[in-house]
Amino acid sequence: QKEVEQNSGPLSVPEGAIASLNCTYSDRGSQSFFWYRQYSGKSPELIMFIYSNGDKEDGRFTAQLNKASQYVSLLIRDSQPSDSATYLCAVNWGGNTPLVFGKGTRLSVIA
Amino acid sequence: DAGVTQSPTHLIKTRGQQVTLRCSPKSGHDTVSWYQQALGQGPQFIFQYYEEEERQRGNFPDRFSGHQFPNYSSELNVNALLLGDSALYLCASSSRVSFSYEQFFGPGTRLTVL
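Residues numbered from 1 in each chain as written. Chains lettered and ligands numbered in written order. Predicted model: local features only at pLDDT ≥ 70, side-chain atom pairs only at ≥ 80, totals over all residues. Heavy atoms only, no water.

**Q** Explain unusual backbone geometry here, please?
**A** Keep in mind that most residues, glycine aside, have a negative phi and that most peptide bonds are trans. All names here are of chain A. Each neighbour pair has its own omega, and for Gly 9 with Pro 10 the value is 10°, a cis peptide bond. For Pro 10, the position within the fold is in the loop between strand E1 (4–5) and strand E2 (11–14). Phi at Gln 70 is positive, roughly 55°, even though this residue is not glycine. In this structure, Gln 70 sits in the loop between strand E7 (61–66) and strand E8 (71–76). Not every positive phi belongs to a glycine, and Asp 78 is a case in point at roughly 50°. Relative to the helices and strands, Asp 78 resides in the loop between E8 and strand E9 (85–92). (Helix = DSSP H or I, 4+ residues; strand = E, 2+ residues; numbered from the N terminus.)

This is the structure we're talking about:
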């Protein structure tokens, strides 16, 4: 059974702080790792993906992958109230293989 | 560049009825995957279509079926609806020839079964 685990939160951070979201996965064969943001009542929006161990930065977002520990994280720098949403971690086996999602972490950025 | 579109936006059905949901993928994409998202849960994979055939299937009963058309659009059909089928149904679009294989979601169809 392939599983993706996330802390459901809510994770509350003050505006301007760094938000750190974590995810672990059970299948060592997982190849690709994705972070989606989902506002209440809306569909998931792809923020970042990462394939290789290490860090990948895109604007205020940094994804970190550690395959040995089966751990992937998302850092949001200079958090804004508009970042308040549920963040979904997803993994697959590369290519167009199905995404396996965690239940998501709810982030609340307090102004 | 049109993104992924889905119709209808909302749907209310009663138990035992049948429903058809529709999806048009992003321009240039040839693969459609369907997911079910229950309240408070992450999306769960139902099945995936490319070249007009079902290629992969998740752990869903055969009441869930689908189709892909030559223009890459897709339908999800659910027969004999149960209360537990109430969920947000998401269509994800991707390309088999793309290097990055990202899957982009449509706005979803909210199905309520009474």
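**Q** Before we go on, may I ask you to explain the sheet that holds strand E3 (residues 19–25) of chain A in this structure?
**A** All names here are of chain A. Here we have 5 strands laid out as an open sheet, ordered E1-E3-E8-E7-E6, and antiparallel in their pairing. In this open sheet, the two strands that pair with only one neighbour each are E1 and strand E6 (54–58). In this sheet, E3 lies alongside E1 in antiparallel orientation, the contact comprising 2 bridges. Across the sheet, the residue bridging to Glu 5 is Thr 24, located in E3. (Pairing = 2+ DSSP bridges.)

**Q** Would you mind showing me how to read the pairing of strand E7 (residues 64–68) of chain B here?
**A** Consecutive side chains along a regular strand alternate between the two faces of the sheet. The pairing of E7 of chain B with strand E8 (residues 74–78) of chain B spans 5 bridges and is antiparallel. Bridging across to E8 of chain B, Gln 68 of chain B finds its partner in Ser 74 of chain B.

**Q** What exactly am I supposed to notice about the nonpolar core here?
**A** One broad rule of soluble globular proteins: the nonpolar side chains tend to lie buried together. Core analysis: the biggest nonpolar cluster contains 24 residues, and Trp 35, Val 72, Leu 74, Ile 76 and Tyr 87 of chain A have the highest contact counts within it. At the level of elements, E3, strand E4 (32–38), strand E5 (45–50), E7, E8, E9 and strand E11 (105–110) of chain A are the ones that each hand at least two residues to this core. The contacts of Ile 76 of chain A, once residues within four sequence positions are left out, are Ala 17, Ile 18, Ala 19, Leu 21, Arg 60, Phe 61, Asp 83, Tyr 87 and Leu 107 of chain A. In this structure, Val 19, Cys 23, Leu 76 and Leu 111 of chain B belong to the second largest nonpolar core, which totals 20 residues. (Core = buried A, V, L, I, M, F, W, Y, C linked by side-chain atoms within 4.5 Å. Buried < 20%, exposed > 50% of the residue type's maximum accessible area, 1.4 Å probe, protein only. Contact = heavy atoms within 4.5 Å.)

**Q** Just to check I follow, could you spell out the state of the cysteines for this structure?
**A** As used here, a disulfide is simply a covalent bond connecting the sulfur atoms of two cysteines. Residues and elements named next belong to chain B. Summed over all chains, the structure comprises 2 disulfides over all chains. Linked covalently through their sulfurs, Cys 23 and Cys 91 form a disulfide whose S-S length is 1.7 Å. Across the S-S bond of Cys 23 and Cys 91 the torsion is about -45°, and the bridge reads as left-handed. With Cys 23 in strand E3 (residues 19–24) and Cys 91 in strand E9 (residues 87–94), the pair connects residues that are 68 residues apart, well separated along the chain. You can call Cys 23 buried: its relative accessible area is 3%. (Disulfide = S-S within 2.5 Å.)

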